[in-house]
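# Architecture at a glance
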Amino acid sequence: MKTKMEKALDIVRERQIIRPKDLDELGIPRKYLERLAKKGFVKRISRGLYEYAERQPTEKATIAEVCKKIPHGIVCLLSALQIYQVTTQQSHDVWIALESYARRPKAKGLPVRYIHMSGHALTEGVAIIEIEQVQVRVYNLAKTVADCFKFRSIVGLDVAIEALRECRRKKLVRSDDLWRYAKICRVSKVMRPYLEAIQ
């Protein structure tokens, strides 16, 4: 029969990124995570976030780490465009959408940039994908393009146009979906000339 230390190691090896809370939910005291860290089996990424020492991170590793730390956040804007591979922009920060007026979670040591949204602009178009065995909430591509137009003063109009052009060129989104999210984000007038020019 496996010891609690061995069980904890198995869980860390399986999940690759883990919080002490994850062990609590499985009835394993979090002290075993600290012991595994002392023995070199796990490494601390930031406060309350650990990874398996032999983990082979991908280019999206930081997104997985941030989403493990902030599970209620939604990946948006440049980070979502990177996930869908429709931008030439590289952002060091992971862009996370939160409810307007929500307290910003502590993510010390992780590069996070928060965007506040509310109503349907926050809740519509959320997809759940898996990155490095972490459940990641991310806006679908059509919603992300509309968001880029909405937050064009932050990400740049050129980024929004590039994303729209790429997703239409590769036929990744339907026009109906783009119009739907443009209305939700209240940018249909802004997007109309670009949509008409690209179609």
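None of these values were measured; they are calculated from a predicted model.

## Some thoughts on the pairing of strand β3 (residues 49-52)
Burial along β3 is two-sided: the residues Leu49 and Glu51 and Tyr50 and Tyr52 are all buried. Taken together, the two bridges between strand β1 (residues 17-18) and β3 define a ladder with antiparallel strand orientation. In the sheet register, Ile17 faces β3, and the bridge partner there is Glu51. The loop that links strand β2 (residues 42-46) with its antiparallel partner β3 comprises two residues; one of these, Gly48, has a positive phi angle of about 75°.

## Notes on the pairing of strand β5 (residues 94-99)
Buried residues dominate β5, accounting for five of its six residues. Summarising the sheet, strand β4 (residues 74-75) and β5 pair through two bridges and their orientation is antiparallel. Across the sheet, the residue bridging to Val75 is Ile96, located in β5.

## Quick look at helix α11 (residues 188-198)
When we look at burial in α11, the residues that qualify are Ser188, Met191 and Leu195. An end-on view of α11 places all buried positions within 65° of arc, on one side of the element. In α11, those exposed residues whose orientation departs by more than 90 degrees from the buried face are Lys189, Glu196 and Ala197. Residues of α11 that are buried in the fold lie against α7 (141-150), α9 (157-169) and α10 (175-184).

## Describing the pattern of salt bridges
The tally for this structure, following the rule as stated, stands at twelve salt bridges. The salt bridge partner of Lys2 is Asp10, with a shortest N-O separation of 2.3 Å. Look at Lys2 and you get partly exposed, because its relative accessible area is 47%. Given the relative accessible area of 27%, Asp10 is considered partly exposed. The residue Asp24 makes a salt bridge to Arg30 at a minimum N-O spacing of 2.4 Å. Relative accessible area serves as the criterion here: at 36%, Asp24 is assigned to the partly exposed category.

Calculation criteria
Within each chain, residues carry numbers counting from 1 in the order of the written sequence. The predicted origin of the model limits local features to residues at a pLDDT of at least 70 and limits the giving and counting of side-chain atom pairs to 80 or more, whereas totals for whole chains, interfaces and linings rest on all residues. Derived side-chain values reflect all non-hydrogen atoms in the structure, with water molecules and hydrogen atoms excluded from consideration. Accessibility here uses a 1.4 Å probe with only protein chains present; expressed as a share of the type maximum, an area under 20% marks a residue as buried, one over 50% as exposed, and anything in between as partly exposed. Helical segments are the DSSP runs of H or I of at least four residues, strand segments are the runs of E of at least two, and each set is numbered from the N terminus. Pairs of strands are assigned from DSSP output, requiring at least two bridges between the strands. Arc definition: it is the arc formed by the directions from the helix axis to the C-beta atoms. When checking whether two residues touch, look at their non-hydrogen atoms; a contact exists if any pair is within 4.5 Å. By convention in these notes, a salt bridge is any Lys or Arg side-chain nitrogen within 4 Å of a carboxyl oxygen on Asp or Glu.

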